[in-house]
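The lines below spell out each chain.
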Amino acid sequence: MYIDTHCHLTFPEFDGDRTTVLCNAKKAGIKKFIIPGVSIGSSHTAVSYVNHFRSHPRVAGAPESWCFASIGCHPYETKNFPDVRLLEQHINENVVAIGECGLDYHAYKGFPAIGKKDEQKQLFEEQLLLAIKYDLPVIIHCRDAYQDIFDVLDALPSMPRGVFHCFSGGPDDIKHIDARGFYFGIDGNVTYSKQLAITVPLIPFHKLLLETDAPYLSPIPHRGTRNEPKYIPLIAKKIAELKNCSVKEVEEQTTQNAVQLFKI
Ligand SMILES: [Zn+2]
Ligand SMILES: [Zn+2]
């Protein structure tokens, strides 16, 4: 059994065929999904969707244990984030993490609500404190901001648990992340990234998590099309190649890691 620890199943890209996507993933061996929010609105949608499964287990033919929610505000949404209490009010037994949240210093056009560095840091810190308060793991989004993320984490009253989702750092970042007890989320870009071919072998096996970040980051040979959780085995296959082990070992270890971190 595989777990997709990061898929945006509530995004509009799946509006036409969400149930089919879930069923196809199940056929491919993916049995559990964590759906992260990236804003107040999408966090609310993720929680409502998961609650719906829990209260109507027969809807869409899906057993109730399939989907879990994570609530958070992405750095791209910084200026649209009025108050951390609007996130806090959504926490219930179906919410297994806080995030995605973090820092993104990569210059993107087309994200008018992205915050300045200080604004991003404040929003990130508020969500980390929420994770600590509720003893939930945190799903961290980080682009070109590893040192600042470490600084924010180290200034907290205690170190939260969590994952650097879609890990894209270098060998030194691996050491710093591992020293803080965090996990590493690996996505479809592992099938073509030269950097990940170098770094994935350096990541401790017991800290690896599989995630698609669907609908983004499709693995080869589906690059350029909508990503889906059913492609998780392609990521596992590439990791097995890089780690010089069997795909079965990757499946079992990453599932165990996800269960350990998210308690799902
Ligand atoms: Zn992200
Ligand atoms: Zn994401």
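Small disclaimer: the values here were computed from a predicted structure and weren't measured.

A. Fine view of the coordination of the zinc ion (ligand 2). Looking at the metal site, the zinc ion (ligand 2) is ligated by His-6 (NE2), His-8 (NE2), Glu-100 (OE) and Asp-213 (OD), spaced 2.1 to 2.3 Å from it. Geometry at the zinc ion (ligand 2) is irregular, judged from the 4 donor atoms that bind it and their angles of 85 to 176 degrees at the metal. Written as a sequence motif, the donor residues of the zinc ion (ligand 2) are H-x1-H-x91-E-x112-D. In this structure, the zinc ion (ligand 2) lies 3.7 Å from the zinc ion (ligand 1), and both are coordinated by Glu-100. With His-6 in the loop between strand E1 (2-4) and helix H1 (18-27) and Asp-213 in the loop between strand E8 (208-210) and helix H8 (232-243), this residue pair connects regions lying 207 residues apart in the sequence. Judged by its relative accessible area of 0%, His-6 is buried. Residue classification places Asp-213 among the buried residues on the basis of a relative accessible area of 9%.

B. Structural detail: unusual backbone geometry. With an omega dihedral of 15 degrees, the bond running from Ala-214 to Pro-215 counts as a cis peptide bond. Examined against the element boundaries, Pro-215 turns out to sit in the loop between E8 and H8. Of note, the bond from Ile-220 into Pro-221 is cis; its omega dihedral lies within 30 degrees of zero at 10 degrees. Even without glycine at this site, Asp-213 takes up a positive phi of about 60 degrees. At Leu-217, a position not held by glycine, the phi torsion is positive, near 55 degrees. Take Leu-217: it is sitting in the loop between E8 and H8. Residue classification places Leu-217 among the partly exposed residues on the basis of a relative accessible area of 25%.

C. Highlighting the sheet that holds strand E3 (residues 67-71). One open sheet accounts for 8 strands, arranged E1-E2-E3-E4-E5-E6-E7-E8; its pairing is parallel. At either end of the open sheet lies a strand with only one pairing partner, and these are E1 and E8. Going from strand to strand, the sheet's axes swing by 30 degrees on average, the running direction of each strand aside. Here H1 sits on the sheet in contact with strand E2 (30-36) and E3, set at roughly 135 degrees to E2. Against the sheet, helix H9 (residues 247-262) touches E1, E2, strand E4 (95-104), strand E5 (138-143), strand E6 (162-165), strand E7 (183-186) and E8, its axis set at about 95 degrees to E8.

D. Representation of the packing of aromatic side chains. A complete count under the given rule lists 9 aromatic pairs for this structure. For the pair Tyr-146 and Phe-150, a centre-to-centre distance of 6.3 Å together with 45 degrees between the ring planes defines the contact as tilted. Here Tyr-146 pairs with Phe-150, and both are found in helix H5 (residues 146-154), just 4 residues apart, close to one helical turn. The class for Phe-150 is buried, based on a relative accessible area of 1%. Both rings, one in Tyr-146 and one in Phe-167, keep their centres 6.0 Å apart while their planes meet at 70 degrees; by these two values the pair is edge-to-face. Residue Tyr-146 is located in helix H5, and its partner Phe-167 is located in the loop between E6 and helix H6 (171-179); the two are separated by 21 residues in the primary sequence. Taking the relative accessible area as the measure of exposure, Phe-167 reaches 1% and is therefore buried. Among the aromatic residues, ring-to-ring pairing joins Tyr-146, Phe-150, Phe-164, Phe-167, Phe-182 and Phe-184 into one connected group. Over the ring of Tyr-49 we find Arg-18, and its NZ or CZ is 5.9 Å from the ring centre.

E. Spatial organisation of the pairing of E2. Most of E2 sits out of view: 6 of its 7 residues are buried. In this sheet, E2 lies alongside E1 in parallel orientation, the contact comprising 3 bridges. Paired with Asp-4 across the strands is Phe-33, a residue of E2. The parallel pair E1 and E2 is bridged by H1, and the resulting crossover is right-handed. Relative to E3, E2 is paired through 4 bridges, and the arrangement is parallel. Bridge pairing in E3 places Phe-33 opposite Cys-67.

F. Quick look at the state of the cysteines. Tallied over the full model, the rule gives 0 disulfides. Here Cys-7 stays free of any disulfide, with the sulfur of Cys-67 as its closest cysteine sulfur at 7.2 Å. Its relative accessible area of 0% is what places Cys-7 among the buried residues. For Cys-67, a relative accessible area of 1% corresponds to the buried category.

The rules we used
Residues numbered from 1 in each chain as written. Chains lettered and ligands numbered in written order. Predicted model: local features only at pLDDT ≥ 70, side-chain atom pairs only at ≥ 80, totals over all residues. Heavy atoms only, no water. Donors = N, O, S within 2.8 Å, 3.2 Å for Na, K, Ca; no water. Tetrahedral: all angles 85-135°; square planar, octahedral: opposite > 155°, others 65-115°. Helix = DSSP H or I, 4+ residues; strand = E, 2+ residues; numbered from the N terminus. Buried < 20%, exposed > 50% of the residue type's maximum accessible area, 1.4 Å probe, protein only. Pairing = 2+ DSSP bridges. Axes fitted to C-alpha atoms, helices over the stretch in contact; angles between N-to-C directions. Contact = heavy atoms within 4.5 Å. Phe/Tyr/Trp six-rings, centres within 6.5 Å; stacked < 30°, edge-to-face > 60°. Lys NZ or Arg CZ within 6 Å of the ring centre and 35° of its normal. Right-handed = clockwise from strand over helix to strand, strands pointing away. Disulfide = S-S within 2.5 Å.

Interpretation in functional terms is not warranted from these geometric data alone.
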